[in-house]
Amino acid sequence: MTKTDREILDNLDMDKLAEVITLVRGLRKIEWVSSRSTGERTKDGTEIFTMPYPIYPECVFDALKILGSDVNYLKYADKVRSKDISRMSLTDLRRLFTYYLRGERFCDGLIVEFVEDGLMLKALERTEQIAEANKPR
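Presented here is a report on the structure given in the accompanying data block.

Rules of the game
Residues numbered from 1 in each chain as written. Predicted model: local features only at pLDDT ≥ 70, side-chain atom pairs only at ≥ 80, totals over all residues. Heavy atoms only, no water. Salt bridge = Lys/Arg side-chain N within 4 Å of Asp/Glu carboxyl O. Helix = DSSP H or I, 4+ residues; strand = E, 2+ residues; numbered from the N terminus. Buried < 20%, exposed > 50% of the residue type's maximum accessible area, 1.4 Å probe, protein only. Axes fitted to C-alpha atoms, helices over the stretch in contact; angles between N-to-C directions. Parallel < 35°, antiparallel > 145°, perpendicular 65-115°, else oblique. Left-handed = near helix turned anticlockwise from the far one by under 90°. Contact = heavy atoms within 4.5 Å. Expected span 1.5 Å × (residues − 1). Core = buried A, V, L, I, M, F, W, Y, C linked by side-chain atoms within 4.5 Å. Phe/Tyr/Trp six-rings, centres within 6.5 Å; stacked < 30°, edge-to-face > 60°. Lys NZ or Arg CZ within 6 Å of the ring centre and 35° of its normal.

This part covers the pattern of salt bridges. Per the counting criterion, the structure on display carries 9 salt bridges. For the salt bridge of Lys-16 with Asp-62, the shortest nitrogen-to-oxygen distance reads 3.3 Å. Placement of Lys-16 in helix α2 (residues 14-25) and of Asp-62 in helix α3 (residues 58-65) is noted, with a sequence separation of 46 residues between them. On the accessibility criterion, Lys-16 (26% relative accessible area) is partly exposed. Notably, a salt bridge pairs Asp-92 with Lys-83, separated by 2.6 Å at the nearest N-O pair. According to the relative accessible area criterion, Asp-92 is buried, its value standing at 7%. For Lys-83, a relative accessible area of 30% translates into the label partly exposed. A single network of salt bridges, built from pairs that share partners, joins Lys-16, Glu-19 and Asp-62.

Time to look at the packing of α2 against α3. When two helices pack together, their arrangement is given by the angle between the helix axes and the distance between those axes. For the pair α2 and α3, the least separation of the axes is 9 Å and the interaxial angle reads 135°. With respect to α3, the element α2 is oriented oblique. When the axes of α2 and α3 are compared, the crossing they make is left-handed. Two secondary-structure elements touch here, α2 through Lys-16, Val-20, Leu-23 and Val-24 and α3 through Cys-59, Asp-62 and Ala-63.

This paragraph deals with helix α5 (residues 90-103). Quick reminder: α-helices carry 3.6 residues per turn. Residues three or four places apart thus point the same way. An ideal rise of 1.5 Å per residue puts 20 Å on 14 residues; α5 measures up with 19 Å between its terminal C-alpha atoms. With 12 of 14 residues buried, α5 is to be regarded as a mostly interior element. The complete set of buried residues in α5 reads Leu-90, Thr-91, Asp-92, Leu-93, Arg-94, Arg-95, Leu-96, Phe-97, Thr-98, Tyr-99, Tyr-100 and Gly-103.

On to the nonpolar core, then. The nonpolar side chains of soluble globular proteins are, as a tendency, buried together. Membership of the largest hydrophobic core comes to 37 residues, with the highest contact counts inside it found for Met-120 and Leu-124. Looking at this core, the elements with two or more residues in it are α1 (3-10), α2, α3, α4 (73-82), α5, α6 (110-116) and α7 (119-133). The residues contacting Leu-124, other than those within four sequence positions of it, are Leu-17, Val-20, Ile-21, Val-24, Ala-63, Ile-66 and Phe-97.

As a further point, take the packing of aromatic side chains. Considering all chains together, one arrives at 4 aromatic pairs under this definition. With a centroid separation of 5.0 Å and an interplanar angle of 85°, the aromatic rings of Tyr-99 and Tyr-100 are classed as edge-to-face. Of the two residues, Tyr-99 and Tyr-100, both sit in the buried class. With 4.0 Å between their ring centres and 10° between their planes, Tyr-100 and Phe-114 make a pair best called stacked. Note that Tyr-100 is positioned in helix α5 and Phe-114 in helix α6, a separation of 14 residues in sequence. No difference in accessibility class separates Tyr-100 from Phe-114, as the two residues are buried. Of the aromatic side chains, those joined through ring pairs into one cluster are Phe-97, Tyr-99, Tyr-100 and Phe-114. Positioned over the ring face of Tyr-76 is Arg-95, at 3.6 Å from the centre of the ring.

So this is what it looks like as structure tokens:
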């Protein structure tokens, strides 16, 4: 276990992790708000519409923040996104969660596939597995 992994583990709230895992386990589909008219028009009379966007339950954001954030996540984003979750370290998992959390700001719906494909749950379960294996005896 690296020093960074130890620091992450020392700050991990195991009760919150267990709660978030239970809630994420129950997620099957993320609801979207469809495109709709705002009721406004541009100067040339063109009707203005909003783009569709997902409505995430709070537990999704709690899950993505459970390990804190990694300011260097972009440097490692391609590596972590292609890595097998069952082989990730806590540092990798933190980078992965940060990638999805920050990426959603630029791409509505980025988190949807992460949740609906079960990858978020796998990442949370991997987090729990590492924490349990490194619990003081």
